[in-house]
Amino acid sequence: EACLVDPSDQEITFWHVSTKIHEEVLLEMIDTFNSENEYGITVKPEYGGYYPDLREKILAAIAAESPPDLAISYQNMIAEYAEAEVIQPLDDYLLCEKYGLSEEDLNDYFKAFIEGDRYPAFDNKILSWPPNRSMEVMFYNIDKLNELGYDNPPETWEEFKEMCKAAKDSGMEGYCIAPSASTFAGWVWSRGGELLSEDGKETVFKEQGIEALTFLKDLMDEGSAYQIAERYGDQADFSLQKVLFAIGSTAGLPYYASAVNESPEPFEWSIAPFPHSTPEPVVDMYGPSITVFKTTPEKQLASWIFLKWFTSSEQTAKWAMTTNYFPVRKSAAESEEMKAYFADNPQYEKAFGFLDYAKTEPTVAGYQDVRDAIGEAITAVITGVNTPEEAMDTLITTANEILSE
């Protein structure tokens, strides 16, 4: 039914968050789509502010019954919109004979990316589509590790602790902490835990969460870890060789690279997945998705046609090379341009190799508030306000209240 309408000559609005070079390239790409698509579809891009601002704008538009046709948001925000029954599931479009994706095309998308856009609270339907992704990784100073007598980055948390202590003993810091829910997800998964129950209604991370926070407290107590003083302080401290390890997003790779190159003593550095006690490493992969609002069947189909084009192999490669996010399709990595980009950006290529280990955070409404509570719990332990057990009890009570609403 979704596929039986005519998408010709539809005009669709797309609310986005891109600025600077990202916006320039996005607008160029949209111009290309508008002039080349065979249906006469016109996409009208509108900047909606950064994610929290855009969320407010979308919620207001939903209340006024005038949502855009397409918008970018994080999955937990999209779950909020879906509660108002204004989101169009995309499952049927994938299967359209004329407008859908062949099995070969569908298999070309990274599976974890698509699975991250299924929503358990809404019959596991695909309510959004991934334009790009990045992941949480460990940055490490190769030269310093070698100086301390280590050939490789830590594979287990015990090795991580040992290396942090060795760094401290040699006069530098071990690990600079930027408290974040994404890092916490990595701590839990790398210890074999899960974040939420399958129905997304309650937390299940108590055991591994306490373990991770206790580990953190031990590092703080022995003076081999500290909290960064300001946003991006980890990049600055890492580039000045004040610290051996930092944990952050692969979206920060270009910033780490330029900070190290501009530092008084440039050095060899690299990235690795989190240390882990699981058989394989696990990396937290994240990124916003684009969702289609219920407007008219014609506009909805036109919106899907644009999404399919935007994530085609050529376009996703172009977007990846502009933003340093990952392309969403395997074939994009095979293109000559992308191979050249890999050659110029070896750390990015290395990170791309971690995609097999990717997991995504829960796509449930309220999870943004849970993420905030996780950040507060980490900070409470670092600052000594709470013991790991106290911080975890408060976090679990708060999170379960949010999730049960």
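Now for a description of the structure that goes with this document.

Rules and cut-offs
Residues numbered from 1 in each chain as written. Predicted model: local features only at pLDDT ≥ 70, side-chain atom pairs only at ≥ 80, totals over all residues. Heavy atoms only, no water. Helix = DSSP H or I, 4+ residues; strand = E, 2+ residues; numbered from the N terminus. Polar contact = N/O pair within 3.5 Å; in protein donor to acceptor, adjacent residues only side chain to side chain. Pairing = 2+ DSSP bridges. Buried < 20%, exposed > 50% of the residue type's maximum accessible area, 1.4 Å probe, protein only. Disulfide = S-S within 2.5 Å. Salt bridge = Lys/Arg side-chain N within 4 Å of Asp/Glu carboxyl O.

Locating Asp91 in the fold gives a position in helix α4 (residues 91-94). Within the local environment of Asp91, its side chain forms a polar contact with the backbone nitrogen of Ile126, the two atoms lying 3.0 Å apart.

Here the focus is the pairing of strand β2 (residues 42-47). Successive side chains on a regular strand alternate, one facing one side of the sheet and the next facing the other. Strand direction decides the pairing type here: strand β1 (residues 11-16) and β2, joined by 6 bridges, are parallel. Bridge pairing in β2 places Thr13 opposite Lys44.

Time to look at unusual backbone geometry. Phi at Glu65 is positive, roughly 60°, even though this residue is not glycine. As for its position among the elements, Glu65 is in the loop between α2 (51-63) and β3 (70-73). Here Glu85, not a glycine, exhibits a phi torsion of approximately 60°, which is positive. Structurally, the position occupied by Glu85 is in the loop between α3 (75-83) and α4. Assessed through its relative accessible area of 63%, Glu85 is described here as exposed.

Before going further, it helps to spend a moment on the state of the cysteines. Considering all chains together, one arrives at 1 disulfide under this definition. With no disulfide of its own, Cys164 has Cys176 as its nearest cysteine by sulfur position, at a separation of 9.9 Å.

Our focus in this paragraph is the pattern of salt bridges. As enumerated under the stated definition, the model contains 17 salt bridges in all. Put simply, Asp117 and Arg133 hold a salt bridge, and the shortest N to O gap is 3.2 Å. Of this pair, Asp117 sits in the loop between α6 (111-115) and β4 (118-119) while Arg133 is found in the loop between β5 (125-126) and β6 (134-141), placing the two residues 16 residues apart along the sequence. Of the two residues, Asp117 and Arg133, neither departs from the other in class, the shared state being buried. Lys206 is paired through a salt bridge with Asp393; the nearest N and O atoms lie 3.7 Å apart. Here the residue Lys206 occupies a position in helix α10 (residues 206-221), and Asp393 occupies one in helix α18 (residues 388-404), the gap between them amounting to 187 residues. Here the salt bridges do not stand alone but share partners, grouping Arg55, Glu56 and Glu80 into one network.

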